[in-house]
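Letter by letter, the chains look like this.
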Amino acid sequence: MPTFFERRQLVTPGDLLAEGAYIPGENTYKEDKKIYASRLGLVEYEDKKVNVVALRAFYVPKVGDTVVGTIVEVGFNGWTVDISSPYLALLRASDVLSRPFRPQRNDLSEVLSIGDLVIAKIVAYDRAHDPQLTVGEPGLGKITRGQVVEITPSKIPRLIGRKGSMISIIKEETGCHIILGHNGIILVTGKSLENEQLAMMAIRKIEEESHTAGLTDRIAQMIQEEKTKQEGGKEK
Amino acid sequence: MSKKPEKLIDKKGLRLDGRKAGELRPIEIEVGVLPNADGSAYIHQGKNKILAAVYGPRELHPKHLALPDRTVLRCRYHMAPFSVQERKSPAPSRRDIELSKVIREALEPSVFLEYYPRTGIDIYVEVLEADGGTRCASITAASLSLADAGVPMQDLVVACAAGKVDDTIVLDLMDTEDKVGEADVPVALMPNLNAITLLQMDGILSLEEFEKAVNLALEGCRKIYPMQKEALKAKYVNVKEVEE
């Protein structure tokens, strides 16, 4: 039962990863007892399971995920939300408005209009239906302040780090409040513009270098350096 | 247009551009050249210059084309008006429409279409300069841009042509050889699965010659494949090198 690559090696679609009694994991497929990669990424052999951590992927909705989306259409009974996935999501009016509403009388664009950003949770999704969102939980709803960064959704786990080590460093060092949408859109809210920019810079750096080793330390170092630079700039 | 040359292969057995019969033109491939596309690739093969871009999977418009059980793959092959000697009308010609279909059908078996029902993937292939064998170079580039877009696929698709010129079977025909020569056999291949996804023939070949041409074209595909793979990896390896 041989494996053909080393751990964390870069593979392309179609590369033969393993042969024999292995189980195909993420971004892989099995044919004739052989496991191949189906996306560009890094291989991980985990006991009998073969995974590929994709370097390029798009967001596929999953029930329970928190996402950041943009309102693209206001309808009679709700909104259509772009969650940067192959499918548009639906947000029902009855979910946003706790009171009963009448489509004839209430104008939904007063509550959320086109271009507004929302944090929402996916409550229902399957192959046959578009994802449905809810904002009926604490922390969800319309975004009123902060900035957004978009990254490849498959890199969200890297941004969180082992037991949240990476994200907590950014949060602590910059003093920003960061909300990670599983769809790769990240909301950064901080006390000042400089802090927000610093956090965004760190996030972009993580996206670019997500597959390199010792990244957490380098990010911490980069934030420190930038901080001293900013302080130096203020004194002048 | 330039005059028709009398001999396509000289006494030393060299072709018009100095290549041997089984030799490829120099190939350069780059991935991720268009920031606005989900995936993109550029191929420079001999004098061919081709850009490929992929958008999606995304909501399909017009919606009535969407299928309930799989993604719809659409492809548009287009030649820029300045891509050939004589200005080509930018309107899609009969040939453009055929090539769009052929490229789409060569790529379809490689993509897991059933993963994202009710959506569409659009492939745009723009030929900036044409010098024979554009369909093959287009397939090679389009397959790379699909991988760059993060579309799950069984394998990359590589394509290469072989043909008959002055009674010799040669690899990777250029424009003049394609037009003056006797036959042209483009082949597309999924190298890891060893599956052919495109096989055409234009011209007259005996059964033996045909077999020889197909095998030569397959050999060409296997030579291009490592370059294609390297191009895809290069985008990420470069970042690594800067850091270390």
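This structure is a prediction, so every number in the text was calculated from the model and none was measured.

(A) Broad picture of the overall build of chain A. Scanning chain A from N- to C-terminus turns up 5 helices and 16 strands. Counting only C-alpha atoms and orienting by the principal axes, one finds that chain A spans roughly 65 × 60 × 25 Å. Within chain A, the proportion of its 236 residues that are buried is 46%. Long-range contacts, defined here as pairs at least 24 residues apart, represent 56% of the contacts in chain A between residues at least 6 apart. For chain A, the accessible surface area stands at approximately 12,100 Å², while carbon and sulfur atoms represent 49% of it. Looking at charge distribution, chain A has the averaged site of its 31 positive side-chain charges lying 3 Å from that of its 32 negative ones.

(B) Just the overall build of chain B, in detail. Across its full length, chain B holds 4 helices and 10 strands. Going from the N terminus to the C terminus, chain B shows its helices and strands as β-β-β-β-α-β-α-β-β-α-β-β-β-α. Here the C-alpha atoms of chain B give a radius of gyration of 18 Å, agreeing with the 18 Å that 2.2 N^0.38 yields for 244 residues. Counting the 244 residues in chain B, one finds 51% classified as buried. Within chain B, counting contacts between residues at least 6 apart in sequence, those at least 24 apart form 66% of the total. Surface summary for chain B: the accessible area is close to 11,300 Å², and the carbon and sulfur share equals 53%.

(C) Summary view of the state of the cysteines. Residues and elements named next belong to chain B. Applying the stated criterion across every chain yields a total of 0 disulfides over all chains. With no disulfide of its own, C221 has C160 as its nearest cysteine by sulfur position, at a separation of 5.3 Å. By relative accessible area, C221 is classed as buried at 0%.

(D) Structural detail: the side chain of D184 of chain B. All names here are of chain B. Tracing the backbone through its elements, the reader meets D184 in strand β8 (residues 183–190). For the buried residue D184, which engages in no salt bridge, the nearest side chain bearing the opposite charge is R135, 5.5 Å off. Those residues in contact with D184 that sit more than four places away from it in its chain are A161, A162, G163, L173, D178, Q200, M201 and D202.

(E) Quick peek at the packing of aromatic side chains. Across all of its chains, the model carries 7 aromatic pairs over all chains by this definition. An angle of 70 degrees between the planes, with centres 5.1 Å apart, marks the rings of Y29 of chain A and F112 of chain B as edge-to-face. One end of the pair, Y29 of chain A, is in strand β4 (residues 28–31); the other, F112 of chain B, is in the loop between α1 (94–107) and β5 (119–129), on a second chain. With respect to burial, Y29 of chain A and F112 of chain B carry one shared label: buried. Consider the rings of Y55 of chain B and Y124 of chain B, whose centres lie 5.8 Å apart with planes at 75 degrees: the pair is edge-to-face. Of the two residues, Y55 of chain B is situated in strand β3 (residues 48–59) and Y124 of chain B in strand β5; the sequence distance between them amounts to 69 residues. Seen from the ring of F58 of chain A, R39 of chain A lies directly overhead, with NZ or CZ sitting 5.2 Å from the centre. Geometry around Y22 of chain A places K48 of chain A over its ring, the cationic atom sitting 4.8 Å from the centre.

(F) Layout of the nonpolar core. L107, I123, V125, I139 and L146 of chain B are the most contacted members of the largest nonpolar core, which has 71 residues in total. If one sorts the elements of this core by residue count, helix α4 (residues 207–243) of chain B sits on top with 11 residues. Grouped together as the second largest cluster of nonpolar side chains are 22 residues, C176, L198, I203 and I223 of chain A included.

(G) Molecular detail of the sheet that holds β5 of chain B. Residues and elements named next belong to chain B. Read from one edge of the open sheet, 5 strands run β1-β2-β3-β5-β4, paired in mixed fashion. The sheet terminates laterally at β1 (27–31) and β4 (72–79), the two strands that pair on one side only. Strand-to-strand twist across the sheet, computed as the mean angle between neighbouring axes with direction ignored, equals 15 degrees. On top of the sheet, α1 reaches β4 and β5; it is set at about 140 degrees to β4, its chief contact.

(H) Fine view of the sheet that holds strand β2 (residues 16–19) of chain A. Residues and elements named next belong to chain A. The strand order β2-β5-β4 describes an open sheet built from 3 strands, whose pairing is antiparallel. Looking at which strands have only one partner, the edges of the open sheet turn out to be β2 and β4. Direction aside, neighbouring strands of the sheet carry axes that sit 25 degrees apart on average. Relative to strand β5 (residues 34–37), β2 runs antiparallel, the two being bridged by 3 bridges. Across the sheet, A18 pairs through a bridge with I35, a residue of β5.

Conventions adopted
- Residues numbered from 1 in each chain as written.
- Chains lettered and ligands numbered in written order.
- Predicted model: local features only at pLDDT ≥ 70, side-chain atom pairs only at ≥ 80, totals over all residues.
- Heavy atoms only, no water.
- Helix = DSSP H or I, 4+ residues; strand = E, 2+ residues; numbered from the N terminus.
- Buried < 20%, exposed > 50% of the residue type's maximum accessible area, 1.4 Å probe, protein only.
- Contact = heavy atoms within 4.5 Å.
- Areas by Shrake-Rupley, 256 points an atom, 1.4 Å probe, with all protein chains shown as cover.
- Lys, Arg positive; Asp, Glu negative; His and termini not counted.
- Charge placed at Lys NZ, Arg CZ, Asp CG, Glu CD.
- Rg over C-alpha atoms; globule rule 2.2 N^0.38 Å.
- Disulfide = S-S within 2.5 Å.
- Salt bridge = Lys/Arg side-chain N within 4 Å of Asp/Glu carboxyl O.
- Phe/Tyr/Trp six-rings, centres within 6.5 Å; stacked < 30°, edge-to-face > 60°.
- Lys NZ or Arg CZ within 6 Å of the ring centre and 35° of its normal.
- Core = buried A, V, L, I, M, F, W, Y, C linked by side-chain atoms within 4.5 Å.
- Pairing = 2+ DSSP bridges.
- Axes fitted to C-alpha atoms, helices over the stretch in contact; angles between N-to-C directions.

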